[in-house]
Amino acid sequence: MDIDVKQSLAKLLLACSKEQELIDKDGGHLNVKQVILNNIAGFIEIISLDHADLRMGYFNKVFLGSKEKLNDSVSVHSWFSDFETLNLMPIVKVLYAQFVYELGRYYLFNRNDKKDIIKDHFIQYIKLLDIKQEDKVKEEVVQDEIEVESEESLEDLQKQLDSMIGLDGVKQQVHSIINELKIDALRKSKGLKVTNTSKHLVFKGNPGTGKTTIARLLSKIYKELGILEKGQLVEVDRSEIVAGYVGQTALKTKEKIDEAMGGILFIDEAYTLAKGENDFGQEAIDTLLKAMEDHRDEFIVIVAGYDGPMESFLQSNPGLKSRFNEYIHFDDYSEEELFLIFGLLCEQNDFRMDLEAQDTLKSYLNELCNHKPDNFANGREMRNLFDKSKKAHSNRLASLNEISDKDLITFKKDDVLNAIEEMKLV
């Protein structure tokens, strides 16, 4: 969300500069930017229950940099009336209103600020500006409270991780990452030094081994730990960030990076970006590396793909190799784990297998795991097999004169056999 604040502030300050040019040209002496900054300081003061000075200090550091500073000694009683009486261009007032709306949302929905923000003051302030955001603010405040109440705790997320079938090595590494982040946070709270290590990750392994599921869980875990602001997962592959014309790839890549700010950008089959010097994929890599440097703590990148190609991909660019220092390998599922995955799909969709169907599935999985085809897709293989078993089950039942409740939920041997035969034809 801080990217929204930065973009909104940039538009506002640009409009101030244009307004200042007109004032200077007419021989005026008003400092438009200072008036705006004074109003921002007053806004922060009036919506803060406490620690307004710390909030302004953070604003100066993160949003303004070293060029301008908020003045925390501005009179809270005079700032708004001064702003209203000035004959500023309508666009400046509109952009100011949009900016404080974004800034207020940032504070109100930020884990570290929201308990210290007076919601009613925020809504009243927006109302004073006479813009059509008041109802939207109220709606978002209520919606945010509902979402916060329903947010999964770190303990819930770890239970989800542990309940996943297989992936023992992956689970161990993820728990290790969580432990390090928790201890770092504790050390930081005690004033101790914390090493700012890269949080970008490499997922290596075959398709269907749970890489996207783990990435989605990690995005929520990082948000719960305060590492990420929003915790969303943005999934892309080459087709979504690489274009066929010079300059277009950088724009497409930047759009996805902006979408992932505050969360995780998950690039599947990332090795397809490195096809050679004359390929537009290199432009995507260069854009990505720059964003990883410029927005180091604002989003996380996970690149994923097959073992060999991923290693070649990382070796193809020194900048890539240096930014990823955590590798997580996803092993293929065993035949026992694949059987459990199929059983879980049955359970989730109100189906069961009779004993003959179970034996048929076990025999097929034994053969499959001992002679894996090149396009073996692990968990996805079980999803496809389940869908085809369901189709065979429906075709079988359609020919019956009477269908019992038991028939409706039971896969039989022929259902699984027909599904296996159809899988072999694909």
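Residues numbered from 1 in each chain as written. Predicted model: local features only at pLDDT ≥ 70, side-chain atom pairs only at ≥ 80, totals over all residues. Heavy atoms only, no water.

Draft legend 1. Geometry of the packing of aromatic side chains. What the rule picks out here adds up to 12 aromatic pairs. Note on F43 and F122: the rings are 6.2 Å apart at their centroids and 65 degrees apart in plane angle, and the pair reads as edge-to-face. Of the two residues, F43 sits in helix α2 (residues 32-47) while F122 sits in helix α6 (residues 119-128), which places them 79 residues apart along the sequence. Taking the relative accessible area as the measure of exposure, F43 reaches 0% and is therefore buried. In textbook terms, an aromatic cluster arises when at least three aromatic residues are bridged by ring pairs, as seen for F342, F351, F386 and F411. A cation over an aromatic ring shows up here: R55 above the ring of Y107, its NZ or CZ 5.6 Å from the ring centre. The ring of F339 carries the charged tip of K362 above its face, separated from the ring centre by 5.1 Å. (Phe/Tyr/Trp six-rings, centres within 6.5 Å; stacked < 30°, edge-to-face > 60°. Helix = DSSP H or I, 4+ residues; strand = E, 2+ residues; numbered from the N terminus. Buried < 20%, exposed > 50% of the residue type's maximum accessible area, 1.4 Å probe, protein only. Lys NZ or Arg CZ within 6 Å of the ring centre and 35° of its normal.)

Draft legend 2. Examining the pattern of salt bridges more closely. Within the structure shown, the criterion is met by 18 salt bridges. The shortest N-O distance in the salt bridge between D415 and R396 comes to 2.9 Å. You can see D415 sitting in helix α20 (residues 413-425) and its partner R396 sitting in helix α18 (residues 379-398), a full 19 residues away along the chain. Look at D415 and you get buried, because its relative accessible area is 1%. (Salt bridge = Lys/Arg side-chain N within 4 Å of Asp/Glu carboxyl O.)

Draft legend 3. Molecular detail of the packing of α2 against helix α3 (residues 52-64). Orientation of α2 relative to α3, taken along the N-to-C sense of each, is 135 degrees, at an axis distance of 9 Å. When the axis of α2 is compared with that of α3, the two are oblique. As for how α2 packs across α3, the hand of that crossing is right-handed. Here L37, I40, A41, I44 and E45 of α2 come into contact with α3, specifically with A52, R55, M56, F59 and L64. Counted by class, the contact of α2 with α3 contains eight nonpolar, no polar and two charged residues. (Axes fitted to C-alpha atoms, helices over the stretch in contact; angles between N-to-C directions. Parallel < 35°, antiparallel > 145°, perpendicular 65-115°, else oblique. Left-handed = near helix turned anticlockwise from the far one by under 90°. Contact = heavy atoms within 4.5 Å. Nonpolar A, V, L, I, M, F, W, Y, C, P; charged D, E, K, R; others polar.)

Draft legend 4. Spatial organisation of the pairing of strand β4 (residues 300-305). A large share of β4 lies buried, amounting to six of its six residues. Because side chains alternate across β4, one face comprises the buried residues I300, I302 and A304, and the other comprises V301, V303 and G305, equally buried. The pairing of strand β1 (residues 201-205) with β4 spans four bridges and is parallel. Counterpart to V202 in the pairing with β4 is V303. Here strand β3 (residues 264-268) runs beside β4; their pairing, made up of five bridges, is parallel. Within β4, the residue paired with F266 across the bridge is I302. (Pairing = 2+ DSSP bridges.)

Draft legend 5. Representation of the environment of H51 in the model. Position of H51 among the secondary structure elements: in the loop between α2 and α3. Its relative accessible area of 40% is what places H51 among the partly exposed residues. A C-alpha to C-alpha distance of 9.8 Å links H51 and I117, two positions 66 residues apart in sequence.

Draft legend 6. Expanded view of the sheet that holds strand β5 (residues 326-330). Taking strand neighbours across the sheet as the criterion, the five strands line up as β2-β3-β4-β1-β5 in an open arrangement whose pairing is parallel. A strand with exactly one partner marks an edge of an open sheet, and here the two such strands are β2 (233-236) and β5. With strand direction ignored, the average angle separating the axes of adjacent strands in the sheet is 20 degrees.

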